[in-house]
Amino acid sequence: MRLSVVVPCFNEEASVERLHETVSLALAELPDVDVEVVYVDDGSQDGTLAALRRLAAADPAVCYTSLSRNFGKEAAMLAGLQRATGDAVVIMDADLQHPPRMLPEMVALYRQGFDQVIARRDRRGDRFVRMVASRSFYRMINWWIDVRLLDGAGDFRLLSRLAVDAILAMPEYNRFSKGLFSWIGFRTVVVAHHNETRQTGRSRWSFSKLFNYAFDGLLSFNNRPLRLAIYGGMFLTLIALAYMTWVVADAVEKGIDVPGYTTIIVSVIGLGGIQMTILGVIGEYIGRIYYETKRRPHYLVQETEHLVAETSDASR
Ligand code: UDP
Ligand code: MG
């Protein structure tokens, strides 16, 4: 069989070489597997690309794609998946948080017939805030969306060709891959690994990025927020109708008097707030439609190991 290992790298000059050593070492346990390692440089600003060039020159099993700017991990993963030629593809992070020693076990499970082997990490060693945030994220997501997401199951997984092709057949611009992976289904198995702390550099996930990510997850998989807006609107209309009936009856019975200022202000502000929220929800979906209809590519390629001549400074 042929195995592709896809590694998105963004400013990982400090870890790519070590990662490559560790991966090669782990794969040496599988002499009957034909290996290809696809690195995707996601517009790094440090020496990542230079390191990848060196790796590719030294090891024929290495290929790399360098994107024209930072397109984000989702786009980098997509670029890697599109390039991978293996019967099975493993996606892993460059920062050694996804231990390559899991590879033989994952390949063994693939050989037993599984199409998705998820390496799920436990949260030991995580910062408390981060852990609570992740937990609530998964609780919230699973409550909202139609696909099930597993806490700690990130992008470290092995996909069979069947699963990879299914992922590649989804052309959407807003890619929430945790959801996509779960959406495609197929025979799936979960293996556990311990949480490794990042060896070098720092995580690119700030709290606000995580928050936006959670938001993406909520909006990417169904239109339940819109549904909720409709129900909320109908509920408020009913209350308003009931109240109106009562006010009119009261006025007919007792005559009109001026008070009611509080009620008016409260309802104007309250309804205004609700309307703005609902508009915001609708706007989010329209924004998504806007991006989808533009049909822009997910990423642009600046350089690959075959495409060096045209782009490298040496040829100018
Ligand atoms: N990454 C990427 N593009 C980005 C951000 C991250 O390709 O814009 C890569 C990064 O190099 C690493 C992986 O995605 O290999 C995970 O990133 P990170 O370690 O920052 O995330 P965390 O492990 O904290 O979830
Ligand atoms: Mg990491």
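Our structure's up above, just so we're on the same page.
Note that the coordinates shown come from a computational prediction; the quantities given were computed from them, not determined experimentally. (Residues numbered from 1 in each chain as written. Chains lettered and ligands numbered in written order. Predicted model: local features only at pLDDT ≥ 70, side-chain atom pairs only at ≥ 80, totals over all residues. Heavy atoms only, no water.)

> For this particular structure, what's the right way to read the coordination of the magnesium ion (ligand 2)?
Working reference: metal with six octahedral donors, ideal angles 90 or 180 degrees; metal with four tetrahedral donors, ideal angle 109.5 degrees. At this site the magnesium ion (ligand 2) is bound by Asp95 (OD) and Gln97 (OE1), with donor distances of 1.8 to 1.9 Å. Judged by relative accessible area, which is 24%, Gln97 ranks as partly exposed. (Donors = N, O, S within 2.8 Å, 3.2 Å for Na, K, Ca; no water. Buried < 20%, exposed > 50% of the residue type's maximum accessible area, 1.4 Å probe, protein only.)

> For this particular structure, what's the right way to read the side chain of Thr48?
Relative to the helices and strands, Thr48 resides in helix H2 (residues 48-58). Among the residues examined, Thr48 registers a relative accessible area of 0% and is labelled buried. Side-chain polar atoms of Thr48 contact the backbone nitrogen of Glu12, separated by 3.0 Å. Aside from chain neighbours lying at most four places away, what touches Thr48 is Cys9, Asn11, Glu12, Glu13, Val16 and Asp41. (Helix = DSSP H or I, 4+ residues; strand = E, 2+ residues; numbered from the N terminus. Polar contact = N/O pair within 3.5 Å; in protein donor to acceptor, adjacent residues only side chain to side chain. Contact = heavy atoms within 4.5 Å.)

> Looking at this model, I keep getting lost on the nonpolar core. Mind explaining?
Within the largest apolar cluster, 38 residues are counted, with the highest numbers of intra-cluster contacts made by Leu3, Val7, Leu27, Tyr39, Met106 and Leu158. With sequence-adjacent residues up to four places away left out, Leu27 is seen in contact with Leu3, Val5, Val35 and Leu103. Among the nonpolar cores identified, the runner-up in size contains 36 residues, and Val40, Leu67, Val147 and Phe181 belong to it. (Core = buried A, V, L, I, M, F, W, Y, C linked by side-chain atoms within 4.5 Å.)

> Help me out: how do you make sense of the side chain of Arg157 in this one?
Here Arg157 lies in strand S6 (residues 153-160). Buried charge Arg157 goes without a salt bridge, the closest partner of opposite sign being Asp155 at 5.5 Å. Within the structure, Arg157 has its side chain in polar contact with the side chain of Gln116 (distance 3.0 Å). (Lys, Arg positive; Asp, Glu negative; His and termini not counted. Salt bridge = Lys/Arg side-chain N within 4 Å of Asp/Glu carboxyl O.)

> How do you make sense of helix H5 (residues 128-144) when you look at a structure like this?
For the α-helix, the turn length of 3.6 residues means that residues three or four positions removed from each other point alike. With 17 residues, H5 extends 24 Å from end C-alpha to end C-alpha; this agrees with the ideal 24 Å at 1.5 Å per step. All buried positions along H5 are accounted for by Ser134, Phe137, Tyr138, Ile141, Asn142 and Trp144. Each buried residue of H5 sits inside an arc of 160° when the element is viewed along its axis, so together they form one side. Opposite the buried face of H5, by more than 90 degrees, sit the exposed residues Phe128, Arg139 and Trp143. Looking at the packing, one finds that the buried side of H5 touches S6, helix H7 (177-184), helix H8 (207-220) and helix H9 (224-254). (Expected span 1.5 Å × (residues − 1). Arc of directions from axis to C-beta.)

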